[in-house]
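Report on the structure
Letter by letter, the chains look like this.
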Amino acid sequence: MAFTRATGKHRGPSRLARRSAGVAGVAALATTGVIGTLASPALAVDTEAAALEDTGLIQAISVDSLADRIDAQAAAQEQEAFEAAAKAKAEAEAKRKAEARAKKIREERERAAREAERKRLHSFRLPIAGSYVTTGYKAGGSLWSSGSHSGIDFKAPYGSTVGSVGAGTVVEAGWGGAYGNNVVIRMLDGTYTQYGHLASITVSVGESVMPGQQIGVSGSTGNSTGPHLHFEARSGAEYGSDINPLAYLRARGVNV
């Protein structure tokens, strides 16, 4: 007994059966010359899509494209991160160099200021600007109790400004007997200078003075025959320790 395989209404024709029927239909149409009118773009697209669907190429192309986009995005982000890091490094290096230059300039200025201050503190000048010596060191005569002049006299009209020849500290300021009103200063190098016959004094004991700073005004107090400034250089604070004031000032750069 022979059986025929029934398709039934719930069983559609297979893909192979559909494709075979399609091919047969195309062949039949070709014999009538209608195939040219049916070979439309739509049919070509449907055929190509069916082929791609059968081979799974559509899914593969989509996955590959997504992977390429992800790789490109990752590469772009990596490049941006690299460039940002390079920029930050360059900015940090530029800042470091700028700070180093600023520090060098500041140190050079501070060093120059210290050197200028050092020179100023150790500079010497005349006790009366523009004056000159009228009586020399060790000049003899009855005017001096020791028989000779223990300092030098500078021409100084009454009321002339008297300044310290250098930087130091005042150790005496007041009446000094034959010296009249006088000031004694201990200089930075340990020597002493004395200024006698002053009309008035403008500093006090313990005060620090700078080169050229006013310490009084000239006069004719004490054992004096007229207005002038008696100036002494000493190795110590006491009378009798005098040294040649001309040599003292010249050794310190004063043109006298």
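Let me begin by describing the structure that accompanies this report.

Calculation criteria
Residues numbered from 1 in each chain as written. Predicted model: local features only at pLDDT ≥ 70, side-chain atom pairs only at ≥ 80, totals over all residues. Heavy atoms only, no water. Core = buried A, V, L, I, M, F, W, Y, C linked by side-chain atoms within 4.5 Å. Buried < 20%, exposed > 50% of the residue type's maximum accessible area, 1.4 Å probe, protein only. Helix = DSSP H or I, 4+ residues; strand = E, 2+ residues; numbered from the N terminus. Lys, Arg positive; Asp, Glu negative; His and termini not counted. Salt bridge = Lys/Arg side-chain N within 4 Å of Asp/Glu carboxyl O. Polar contact = N/O pair within 3.5 Å; in protein donor to acceptor, adjacent residues only side chain to side chain. Contact = heavy atoms within 4.5 Å. Phe/Tyr/Trp six-rings, centres within 6.5 Å; stacked < 30°, edge-to-face > 60°. Lys NZ or Arg CZ within 6 Å of the ring centre and 35° of its normal. Pairing = 2+ DSSP bridges.

Grouped together as the largest cluster of nonpolar side chains are 24 residues, with contacts concentrated most on Val-183, Ile-185, Tyr-195, Ile-215 and Leu-229. Listed by contribution, the elements that provide at least two residues to this core are strand 2 (152-154), strand 5 (181-187), strand 6 (192-201), strand 9 (229-234) and helix 5 (245-251).

Glancing now at the side chain of Asp-153. By the secondary structure assignment, Asp-153 is in strand 2. Here Asp-153 is buried and forms no salt bridge, its nearest opposite-charge partner Arg-234 lying at an N-O distance of 12 Å. For Asp-153, the side chain forms a polar contact with the side chain of His-149, separated by 3.2 Å. Among the polar contacts listed, one links the side chain of Asp-153 to the side chain of His-230, at a separation of 3.4 Å. Among all residues touching Asp-153, those that are not within four sequence positions of it are Tyr-132, Val-133, Thr-134, Thr-135, His-228, Leu-229 and His-230.

Within this structure, the stated rule accounts for three aromatic pairs. Aromatic pair Phe-124 and Tyr-248: ring centres 6.0 Å apart, planes at 85 degrees, arrangement edge-to-face. You can see Phe-124 sitting in the loop between helix 4 (57-121) and strand 1 (133-135) and its partner Tyr-248 sitting in helix 5, a full 124 residues away along the chain. When its relative accessible area of 3% is taken as the criterion, Tyr-248 is described as buried. Among the aromatic residues, those joined into a cluster by ring pairs are Phe-154, Tyr-195 and Phe-231. Above the ring of Phe-124, the side-chain terminus of Arg-252 is found at 5.5 Å from the ring centroid. The ring of Tyr-248 has Arg-252 lying over it, and the distance from NZ or CZ to the ring centre is 3.8 Å.

Now for the pattern of salt bridges. Inspection of every chain in the model, using the stated rule, returns six salt bridges. The residue Glu-115 makes a salt bridge to Arg-118 at a minimum N-O spacing of 2.8 Å. Of this pair, Glu-115 and Arg-118 both sit in helix 4, separated by three residues, roughly a single helical turn. Judged by its relative accessible area of 32%, Glu-115 falls in the partly exposed class. The residue Glu-232 makes a salt bridge to Arg-234 at a minimum N-O spacing of 3.0 Å. A residue is classified by how much of its surface remains accessible, and Glu-232, at 0% relative accessible area, is buried.

What follows deals with the side chain of Glu-232. Note on placement: Glu-232 falls in strand 9. Within the local environment of Glu-232, its side chain forms a polar contact with the side chain of Tyr-179, the two groups lying 2.7 Å apart. There is a polar contact of 3.0 Å between the side chain of Glu-232 and the side chain of Arg-234. Aside from chain neighbours lying at most four places away, what touches Glu-232 is Ser-150, Gly-151, Tyr-179, Tyr-192, Thr-193, Gln-194 and Asp-242.

It is worth spelling out the pairing of strand 5 at this point. Across the seven residues of strand 5, six count as buried, placing the element largely inside the fold. Relative to strand 5, strand 4 (residues 168-175) is paired through seven bridges, and the arrangement is antiparallel. In the strand pairing of strand 5, Ala-173 is matched with Val-183. Between strand 4 and strand 5, which pair antiparallel in sequence order, lie five residues; one of them, Gly-177, sits at a positive phi of approximately 65 degrees.

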